[in-house]
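For reference, the chains in residue letters:
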Amino acid sequence: MGIDYRDANWFNRQTGLLMDDCLVLLEQEYTKDRVRRVLFDRVESVVSWRRFPWGRGLVFGLFFGLPALFILSEEPVVQVIGVVFLLLFLAAEARYLHCGLTRIRITRAGHDTTISVIMRPGKLRRFLDRLYSAVEAHQAHLAREVEERERLAREAEAARFESGLAAEPPPLPTEPTQPLPELAPPDSPPPPPGPDL
Amino acid sequence: MPDVTQVTQVTQFRCPKCFVMLEPMGGESTRCPTCGWAGRARLFRPVEPFVERAQDALPDDATCIHHPSKQAVAICEGTGDYICSLCAIELDGKTYSAQYLDRAGKDKLAAAFDRDLPRPDRAMGTYLAGAFLLSCFGVVLIPFAIHQFIKALRLHKTNDLYRRVRSRTSIVLGGLVLFAIIGLMAVGAVAILMDID
């Protein structure tokens, strides 16, 4: 429960919530959040890649790295301020090096939704695994509904043909080209985590 | 025979950099031979939406009130009339006719497609910060902050999304801060009055 990720965007802050059938994106405004939903039914692919956030690194270098030069001063108070800025600068750059900026692009019905996150690799891997599992589970559920609907429609058509209401016999059922993925039972252990990025 | 949905298997995805179609390399990172982009991709089986054609009504079938030649498949929750699949719209698990939603049920339609999530907790924080910074002049903002606090509590009960974004604990803590600031202002006012006397 709770917020699943925070978007590392320049101009607007975005948070994301992973639901059973969609990914909810909240774009922060002053007194309300704009809600966008990425439904899982027609998701075609989820692509992710990582790079170093050069923009943020340079901005941090400018605002925290430059004042860190105060340590060169002879005044002890100014030196302490410089040390503080230096520590902040090093902590930020270390975080960017360790986590990196990951872009996740979700393609649904030909449209792309891209989110940018700065997350620890372990947390990112868990988020992506949950996202993959949620999409696959929802699509498998919908595929089963499709099968059930087709079966009921064939039976209804066959009943109408037998009772003389339909002029033509119902079409023969077509075998699915690939077996549908089996849903894991509720008590089964979670799937192994995905590989590192 | 109603139309059937399609379950397709996606086998390729577009490179985010040069838009060349690529195939994922199993669980490993995929590299684009054209631009050198590297990342991971997971492909899914999107389910196309189900579109049911309205069937012609047989002599013994119930007919749609708006399309007398079409078979009725549902009952409108708003008017109680029989409606066909052309008219039926499902919102929050209930079926309404498009004509009802266009007239008397416009608020239901607006609520179903609600694209904003109110954030009274954020507004309350803004009023509190203003009240704190403006000190004695900020007392006029306190009633607005109390109003937003009550709104936040009500929204937490009714809105699932808001409950996920903001826990009850955080709202109550915000309320404690609000009443602490009110208490400080009251103590300050009493001290000023006693000093004047």
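In case you missed it, the structure is sitting above this.
Calculation notes
Residues numbered from 1 in each chain as written. Chains lettered and ligands numbered in written order. Predicted model: local features only at pLDDT ≥ 70, side-chain atom pairs only at ≥ 80, totals over all residues. Heavy atoms only, no water. Helix = DSSP H or I, 4+ residues; strand = E, 2+ residues; numbered from the N terminus. Buried < 20%, exposed > 50% of the residue type's maximum accessible area, 1.4 Å probe, protein only. Contact = heavy atoms within 4.5 Å. Rg over C-alpha atoms; globule rule 2.2 N^0.38 Å. Lys, Arg positive; Asp, Glu negative; His and termini not counted. Charge placed at Lys NZ, Arg CZ, Asp CG, Glu CD. Disulfide = S-S within 2.5 Å. Pairing = 2+ DSSP bridges. Expected span 1.5 Å × (residues − 1).

Colleague: Can you break down the overall build of chain A residue by residue, with the values?
Modeller: Counting secondary structure elements, chain A contains three helices and seven strands. Each helix and strand of chain A, ordered N terminal to C terminal, gives the series β-β-β-β-β-α-α-β-β-α. When the 197 residues of chain A are sorted by exposure, 36% land in the buried category. Considering only intrachain contacts with a sequence separation of at least 6, the fraction spanning at least 24 residues in chain A is 52%.

Colleague: Quick rundown of the overall build of chain B? Include the residues and the values.
Modeller: Summing up its helical and strand segments, chain B has six helices and nine strands in all. Its C-alpha atoms give chain B a radius of gyration of 29 Å, more than 25% over the compact-globule value 16 Å for 197 residues. By principal-axis analysis of the C-alpha atoms, chain B measures approximately 90 × 60 × 25 Å. A sequence separation of at least 24 residues applies to 35% of the contacts in chain B between residues at least 6 apart. Computing the positive centroid from 22 side-chain charges and the negative centroid from 20, chain B places the two 9 Å apart.

Colleague: Outline the state of the cysteines, listing residues and values.
Modeller: All names here are of chain B. Under the definition given, this model contains zero disulfides over all chains. Take C84: it sits in no disulfide, and the sulfur closest to it among the cysteines is that of C64, at 3.7 Å. Residue C84 is classed as buried on the basis of its relative accessible area, which comes to 0%.

Colleague: Residues and numbers for the pairing of strand β5 (residues 43-51) of chain A, please.
Modeller: Relative to strand β6 (residues 101-108) of chain A, β5 of chain A runs antiparallel, the two being bridged by eight bridges. Its bridge partner being in β6 of chain A, S45 of chain A is matched across the sheet by T107 of chain A. Across four bridges, β5 of chain A lies against strand β4 (residues 38-43) of chain B in antiparallel orientation. Paired with V47 of chain A across the bridge in β4 of chain B is A41 of chain B.

Colleague: Describe helix α3 (residues 121-162) of chain A, naming the residues involved and giving the relevant values.
Modeller: Along its 42 residues, α3 of chain A runs 61 Å from first to last C-alpha, staying within 8% of the 62 Å computed at 1.5 Å per residue. One or two residues past the end of α3 of chain A sits G164 of chain A, with phi positive at roughly 85°.

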